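If you want the building blocks of each chain, they are given just below.
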Amino acid sequence: MFCLYSRTMKNIETIPLNPGKKIYFASDFHLGTPNAKESASREKRIVQWLDEISKDAQAVFLLGDIFDFWFEYNHVVPKGYVRLLGKLAEMVDNGIDLRLFIGNHDLWTFGYLEREIGLKIHYKPQLFKINETLCLIGHGDGLGFGDQGYKFIRKIFAGRFFQRLYAFLHPWIGIGLASFFSRKSRAKTGKNDAIFESNEKEALYLFSKNYLKHHHNVTYFIFGHRHLPLEIKLSETSTYFNTGDWLKYNSYLELDAKKKLQTKTF
């Protein structure tokens, strides 16, 4: 696993953060769950937040699971989310750099969001140098040791053969079926996601700690997936952050030009 992601060290993207500008990070909106009413209310709150941060945002990183389920057919996408998609398109049109890291709930995107909205899509964790601050950023699912069953299933879901096979299902069946199982999965694991036991039981903390042994100059490890806002020191110069979620915490991260990363809520 560490060999797999050490390859990102060969592809570090540089983002010069301009004075007075900020970069924002958020994840796990899970729009579509648990029902239409609550999802619509959450979507409006997210759009309000995006409207607020647009005043000084140079870039916004959405770290996955923005939708509780997303699958693109050639001519069909899941209905809804027009307020969010419209706001994201507006932000891109206004020059804000918008990134989407694919999560385990919305990994089946095949070009629509790039073409229609202008999002830049990332399928794996990526290293960014932001004003000399090196950050490893991603959704976070499947990183570290253990959970082999999930990793095997995710590999199948991410494969082109399975995706093309699934696309043969009529959207009425395919989207409805996957949305049902997505909600069942969230109901089953949601409570456990919100529990912090110890650093030693935090998979993303352990992944970051081990990664740091090989790459000492990473200042921030920034992930989602965990549904719990976290800030844990890895060393004197490195910290693991988790963005939390918008099902419960309405939390996000803010990075300013002075290299300070902090957790905030809306």
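Residues numbered from 1 in each chain as written. Predicted model: local features only at pLDDT ≥ 70, side-chain atom pairs only at ≥ 80, totals over all residues. Heavy atoms only, no water.

K.L.:
Go over the packing of aromatic side chains, please, and point to the residues and values.
P.N.:
On inspection of all chains with the given rule, the structure shows 15 aromatic pairs. Arranged with centres 6.1 Å apart and planes meeting at 45 degrees, the rings of Tyr24 and Tyr252 form a pair that is tilted. Residue Tyr24 is found in strand S2 (residues 22–26), and its partner Tyr252 is found in strand S11 (residues 251–256); the two are separated by 228 residues along the sequence. Taking the relative accessible area as the measure of exposure, Tyr252 reaches 8% and is therefore buried. Each ring, one from Phe207 and one from Tyr211, has its centre 5.8 Å from the other, and the planes form 45 degrees; the classification is tilted. Of this pair, Phe207 and Tyr211 both sit in helix H8 (residues 203–214), 4 residues apart, which is roughly one turn of the helix. On the basis of relative accessibility, which here comes to 1%, the residue Tyr211 falls in the buried class. (Phe/Tyr/Trp six-rings, centres within 6.5 Å; stacked < 30°, edge-to-face > 60°. Helix = DSSP H or I, 4+ residues; strand = E, 2+ residues; numbered from the N terminus. Buried < 20%, exposed > 50% of the residue type's maximum accessible area, 1.4 Å probe, protein only.)

K.L.:
Before we move on, could you go through empty space enclosed by the protein and cite the residues and values that matter?
P.N.:
One simple way to see leftover space: roll a probe sized like a water molecule over the atoms. Counting across every chain of the model gives 2 cavities of 30 Å³ or more. The computed volume of the largest cavity comes to approximately 40 Å³. Around the largest cavity, the lining residues are Leu62, Ile66, Phe67, Leu84, Leu85, Leu88, Leu100, Leu113 and Leu119. Per-element accounting of the lining of the largest cavity gives the leading share, 3 residues, to helix H3 (residues 82–93). (1 Å grid on protein atoms, 1.4 Å probe; cavity = no way out; pocket = protein on both sides within 12 Å on 5 of 7 lines; lining within 4 Å. Points joined across faces, edges and corners; volume = space filled by probe spheres on them.)

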